[in-house]
Amino acid sequence: MKNKKVYGSLNSAATLKVLACLFEHDLDFDFVPIDLEAGEHKKKPFLSMNPFGQVPVFEDGDVKQFESRAIIRSMGHQYGKKGEELIYWDSREQAVVANWIDVEDHHFEPPALKLISELVIKPKKGLTPDEETVAEAEAKLAKVLDVYEARLSKFKYLASDKYTIADMLHLPNIQALIGTQAKKLFDSRPRLSEWCTAILARPAWIKVVEMQQKAQA
Amino acid sequence: MVVKVHGSVRAACPQRVLACLLEKDVEFEIFHVDLDAGEHKRPEFLLRQPFGQIPAVEDGDLKLFESRAIIRYYAAKYVDRGPNLLGNSLEERAVVDQWLEVEAHNFNDLVKTLVFQIVILPRMGEHGDLALAQKCEQQLEKVFDIYEQHLSKSSYLAGDSFTLADLSHLPAIRYLVNDAGMGHLVSERKHVNAWWEDISNRSAWKKLMELSKY
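Cut-offs applied
Residues numbered from 1 in each chain as written. Chains lettered and ligands numbered in written order. Predicted model: local features only at pLDDT ≥ 70, side-chain atom pairs only at ≥ 80, totals over all residues. Heavy atoms only, no water. Helix = DSSP H or I, 4+ residues; strand = E, 2+ residues; numbered from the N terminus. Buried < 20%, exposed > 50% of the residue type's maximum accessible area, 1.4 Å probe, protein only. Areas by Shrake-Rupley, 256 points an atom, 1.4 Å probe, with all protein chains shown as cover. Lys, Arg positive; Asp, Glu negative; His and termini not counted. Charge placed at Lys NZ, Arg CZ, Asp CG, Glu CD. UniProt positions renumbered as here; feature names shortened; annotations may be inferred. Pairing = 2+ DSSP bridges. Axes fitted to C-alpha atoms, helices over the stretch in contact; angles between N-to-C directions. Domains from an automatic or database assignment. Contact = heavy atoms within 4.5 Å. Buried area = accessible area lost by both parts, 1.4 Å probe. Salt bridge = Lys/Arg side-chain N within 4 Å of Asp/Glu carboxyl O. Polar contact = N/O pair within 3.5 Å; in protein donor to acceptor, adjacent residues only side chain to side chain. Nonpolar A, V, L, I, M, F, W, Y, C, P; charged D, E, K, R; others polar.

**As for the overall build of chain A**
Link 1 in the chain: Counting its secondary structure elements, chain A contains ten helices and four strands.
Link 2 in the chain: For chain A, the proportion of its 217 residues judged to be buried stands at 54%.
Link 3 in the chain: Carbon and sulfur atoms form 53% of the exposed surface of chain A, whose accessible area is close to 10100 Å².
Link 4 in the chain: Of the side chains in chain A, 30 bear a positive and 32 a negative charge, and the two mean positions are spaced by 1 Å.

What follows is the structure, given as structure tokens:
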């Protein structure tokens, strides 16, 4: 039986989300690093796996899938551990999870990635963050986090009272942001802060962080 | 139970939901949201959709927003009614999910930006950024090239049948072809063109076009 494979980069939030999902489901896999700096994802043979030239690609048996949220949704339905599913089997409850997956996608991630680009990636390349861009992105993210604070005042997690994919998708970007000046946006919102602490403490996420640390060593 | 759809019948994201409801023959009622008057940013609407966007849906005590989450729900709830928009197996569903995500990440924003610059801003009496629009057009050419390759091997995006992945593209492509003068992106590509002719001639979509009274 061929091992499951993830083709991706430990610098890619999308890849890290898929890895978290694999660990949550206790699935064995091989990690095949794709060199984004060298543009490997924009050349063949990678392009034959994802014609849009993006990581990650997930290989499970004969099937290759791209788009991290599609991979994660499928994994949830296919390998959901009874009693510990990251999804719901009931379509009504799953609809609310799907709603908040798209909130992460359309509202949280764009300003989060912008901030990470300015505050994490630029400094690593010896570049100075652009203050105006940072201020704009912080303001946008703050509005989103206000919505989260209100939502988390009613529910333990974003979609409901259990941890689901909707929460998990936030992990890589929150992990990156709390190491920057943007941490204040999270600290100043009590329920949000509690939620962040809870999800960052998931053993599956800690395994992803360990993978990153080993690679940097 | 009649599904309440809060939004504008001519806006892309509500159209995504309405197209799905029509495919599944689900009764709905449209509650128009006056975007020009800023209704979507008022407190009453923000209770429905905290980000101030349309659509928002109310189905009994179930309240949802994000159009692609809504269509996933109705496609699953009524899986046995009308066309199967989700695929017949977990594997098929995975492919539907993949191309739904492609539409959201690689297609939608380019169309949205382009249409905003060359259709919406001029309608508001303002100048659009033509350079930006051109950049989007060039990027869309590349995306449509990928679609052309893909559709040369399969009739629809996720396989041999019409699914949510195809449906999700309908509103944006309509904007491109009918409003933005970008029909060439479709018509210059044999398989994309055939696919667009097919999906835009579905009776559910044609019903929505009638409701929208363009």
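**Side note on unusual backbone geometry**
Link 1 in the chain: In this model, A:Lys44 is joined to A:Pro45 through a cis peptide bond whose omega is 5 degrees.
Link 2 in the chain: The topology assignment puts A:Pro45 in the loop between strand 2 (29–33) and helix 2 (46–49).
Link 3 in the chain: Of note in the backbone geometry, B:Glu66 takes a positive phi value of approximately 70 degrees without being a glycine.
Link 4 in the chain: Looking at where B:Glu66 falls in the secondary structure, it is placed in the loop between strand 4 (62–65) and helix 3 (67–77).
Link 5 in the chain: One non-glycine residue, B:Lys213, adopts positive backbone phi at about 50 degrees.
Link 6 in the chain: In this fold, B:Lys213 is placed in the segment after helix 10 (203–212).

**Side note on the UniProt feature "domain: GST N-terminal" (unreviewed entry) in chain B**
Link 1 in the chain: Those residues carrying the UniProt feature "domain: GST N-terminal" (unreviewed entry) are residues 1–82 of chain B in this numbering.
Link 2 in the chain: Secondary structure over residues 1–82 of chain B splits into 33% helix and 20% strand, and the C-alpha atoms at its two ends are 18 Å apart.

**Side note on the sheet that holds strand 1 (residues 3–6) of chain B**
Residues and elements named next belong to chain B.
Link 1 in the chain: Read from one edge to the other, the open sheet built from four strands follows the order 2-1-3-4, with strand pairing classed as mixed. Because the sheet does not close on itself, it has two edges, and the strands there are strand 2 (28–31) and strand 4. Across the sheet, the axes of successive neighbouring strands diverge by a mean angle of 20 degrees, strand direction being ignored.
Link 2 in the chain: Two elements, strand 1 and strand 2, share four bridges in a ladder whose sense is parallel. Looking at strand 2, one finds that Lys 4 is bridged to Glu 29.

**Description of the domain arrangement of chain A**
All names here are of chain A.
Link 1 in the chain: Taken domain by domain, chain A consists of domain 1 (5–85) and domain 2 (91–204).
Link 2 in the chain: If you average the C-alpha positions of domain 1 and of domain 2, the two centres end up 21 Å apart.
Link 3 in the chain: Tallying the contact residues gives twelve residues for domain 1 and 16 residues for domain 2.
Link 4 in the chain: Among the residues of domain 1 in contact with domain 2, Lys 17, Glu 24 and Arg 69 are the three that bury the most area, contributing 43% of the side total.
Link 5 in the chain: Seen at the junction of domain 1 and domain 2, the total is eight salt bridges.
Link 6 in the chain: In this structure, the salt-bridge partner of Glu 104 is Lys 17, at a minimum N-O distance of 3.0 Å.
Link 7 in the chain: Put simply, domain 1 and domain 2 have six residue pairs in polar contact (both at pLDDT 80 or more) between them.
Link 8 in the chain: Of all the elements in the fold, those that place two or more residues in the side of domain 1 that touches domain 2 are helix 1 (13–24) and helix 3 (68–79).
Link 9 in the chain: For the side of domain 1 that touches domain 2, the element with the highest residue contribution is helix 1, accounting for seven residues.
Link 10 in the chain: Looking at the side of domain 1 that touches domain 2, its residues break down into six nonpolar, one polar and five charged.

**Some words on the sheet that holds strand 2 of chain A**
All names here are of chain A.
Link 1 in the chain: Strand order in the open sheet formed by four strands is 2-1-3-4, and the pairing between neighbours is mixed. Two strands bound the open sheet, and with one partner strand each, they are strand 2 and strand 4 (63–66). Recorded for the sheet is a direction-independent mean angle of 20 degrees between the axes of neighbouring strands.
Link 2 in the chain: With three bridges joining them, strand 1 (residues 4–8) and strand 3 (residues 57–60) adopt antiparallel strand pairing. Residue pairing in the sheet places Lys 5 in a bridge with Glu 59 of strand 3.
Link 3 in the chain: Together, strand 1, strand 3 and strand 4 form the strand contacts of helix 3, whose direction differs from that of strand 4 by roughly 130 degrees.

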